[in-house]
Amino acid sequence: IWVRDLKRDVASRLTFDPRNDIWPVWSPDGRRIVFGSDRGGHYALMVRDASGTGTEQPVLSADDAEVLAVDWSRDGRRLSFDVLPASRRWDIKTLPMDGTAKPVDYIVSDASEHDPRFSPDDRFIAYVSNESGANEVYVQTFPASGGKWQISNGGGNQPEWRGDGK
């Protein structure tokens, strides 16, 4: 993983392990980057200072699943991530980033759900599910409390929120 300083047009290498480091996600304050790394055999979450100082620290791993970060809540308190267990269907979980708690199931079902993105006010998550037979984008309250809306019709992937939350 590399970081490019856009003002100076200079790239700096952030990770140096020969294994795969993928899907970097910036913290809301721009100080840290969480990413997936398969250096332990399965993709797990690692975090590093965006400045490149210090060492990479493990955040979360699973012996029997791939774990990949997708989004960091705007308040910096939670990370949303995809989990690919042996069932080969993606699930969505969240992780409190204060280091005191374990992952929390957000959507775990017989369908495949992935790409969870927090709304700018952290009250909703947009994600992709194939529960209808095709990938569609849905929005659901966060934490999950029953409110869920299908946003796309005819296929959808990689949801992103506008800055104003609409």
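Predicted model only: the values in this text are computed from it and were never measured. (Residues numbered from 1 in each chain as written. Predicted model: local features only at pLDDT ≥ 70, side-chain atom pairs only at ≥ 80, totals over all residues. Heavy atoms only, no water.)

Peer 1: What should I look at first to understand the pattern of salt bridges in this one?
Peer 2: Counting across every chain of the model gives 14 salt bridges. Here R48 makes a salt bridge to E56, at a shortest N to O gap of 3.7 Å. Between D71 and R74 there is a salt bridge, and its shortest N-O distance comes to 3.6 Å. Each of D17, D21, R39, R48 and E56 takes part in a single network of salt bridges with overlapping partners. (Salt bridge = Lys/Arg side-chain N within 4 Å of Asp/Glu carboxyl O.)

Peer 1: Before we go on, may I ask you to explain the sheet that holds strand β7 (residues 66–72) in this structure?
Peer 2: Within a beta sheet, neighbouring strands are joined by backbone hydrogen bonds and run either parallel or antiparallel to one another. Pairing is antiparallel in the open sheet, where 4 strands are placed in the order β7-β8-β9-β10. In this open sheet, the two strands that pair with only one neighbour each are β7 and β10 (104–107). Direction aside, neighbouring strands of the sheet carry axes that sit 35° apart on average. (Pairing = 2+ DSSP bridges. Helix = DSSP H or I, 4+ residues; strand = E, 2+ residues; numbered from the N terminus. Axes fitted to C-alpha atoms, helices over the stretch in contact; angles between N-to-C directions.)

Peer 1: For this particular structure, what's the right way to read the nonpolar core?
Peer 2: In terms of nonpolar packing, the biggest core is built from 14 residues, with V34, L45, L60, A69, W72, L79 and F81 touching the most fellow members. Those elements that provide at least two residues to this core are β5 (44–49), β7 and β8 (78–84). Non-local contacts of L45, meaning those with residues more than four positions away in its chain, are made with V34, F35, Q57, P58, V59, L60, V67, L68, A69, L79 and F81. Listed in part, the 8 residues of the second largest apolar core include I92, F118, Y138 and F142. (Core = buried A, V, L, I, M, F, W, Y, C linked by side-chain atoms within 4.5 Å. Buried < 20%, exposed > 50% of the residue type's maximum accessible area, 1.4 Å probe, protein only. Contact = heavy atoms within 4.5 Å.)

Peer 1: Can you help me understand the packing of aromatic side chains in this one?
Peer 2: For the coordinates displayed, the defined rule picks out 4 aromatic pairs. Between Y106 and F142 the ring centres are 5.8 Å apart and the planes differ by 50°, which places this aromatic pair in the tilted class. Remark: F142 occurs in the loop between β13 (136–141) and β14 (148–150) and Y106 occurs in strand β10; sequence separation between them is 36 residues. Overall, Y106 belongs to the buried group, its relative accessible area being 9%. The rings of Y106, F118 and F142 are connected pair by pair, giving a single aromatic cluster. (Phe/Tyr/Trp six-rings, centres within 6.5 Å; stacked < 30°, edge-to-face > 60°.)

Peer 1: Teacher, can you tell me more about unusual backbone geometry here?
Peer 2: With the exception of glycine, the majority of residues adopt a negative phi angle, and the majority of peptide bonds are in the trans configuration. Residues F142 and P143 are joined by a peptide bond in cis, for which omega reads -5°. Considering the arrangement of structural elements, one finds P143 in the loop between β13 and β14. Residues other than glycine seldom take positive phi values, yet D9 does so here, at roughly 55°. Within the secondary structure, D9 is located in the loop between β1 (2–5) and β2 (10–13). Positive phi is not limited to glycine here, since D115 has a value of about 60°. Structurally, D115 is set in strand β11 (residues 113–118). Assessed through its relative accessible area of 11%, D115 is described here as buried.

Peer 1: Got a minute to help me understand the side chain of S80 in this structure?
Peer 2: Within the secondary structure, S80 is located in strand β8. The class of S80 is buried, set by a relative accessible area of 0%. Separated by 2.8 Å, the side chain of S80 and the backbone oxygen of P116 make a polar contact. Discounting chain neighbours no more than four positions away, the residues touching S80 are A69, V70, D71, K93, T94, P116 and F118. (Polar contact = N/O pair within 3.5 Å; in protein donor to acceptor, adjacent residues only side chain to side chain.)

Peer 1: Quick question: what am I supposed to make of the sheet that holds β5 here?
Peer 2: With antiparallel pairing, 4 strands are arranged side by side in an open sheet as β3-β4-β5-β6. At either margin of the open sheet sits one strand with a lone partner, and together these are β3 (21–26) and β6 (57–60). For this sheet, the mean inter-axis angle between neighbouring strands, taken without regard to orientation, is 35°. Two elements, β5 and β6, share 3 bridges in a ladder whose sense is antiparallel. Bridged to L45 within β6 is L60.

No statement about biological role is implied by the geometric values presented.
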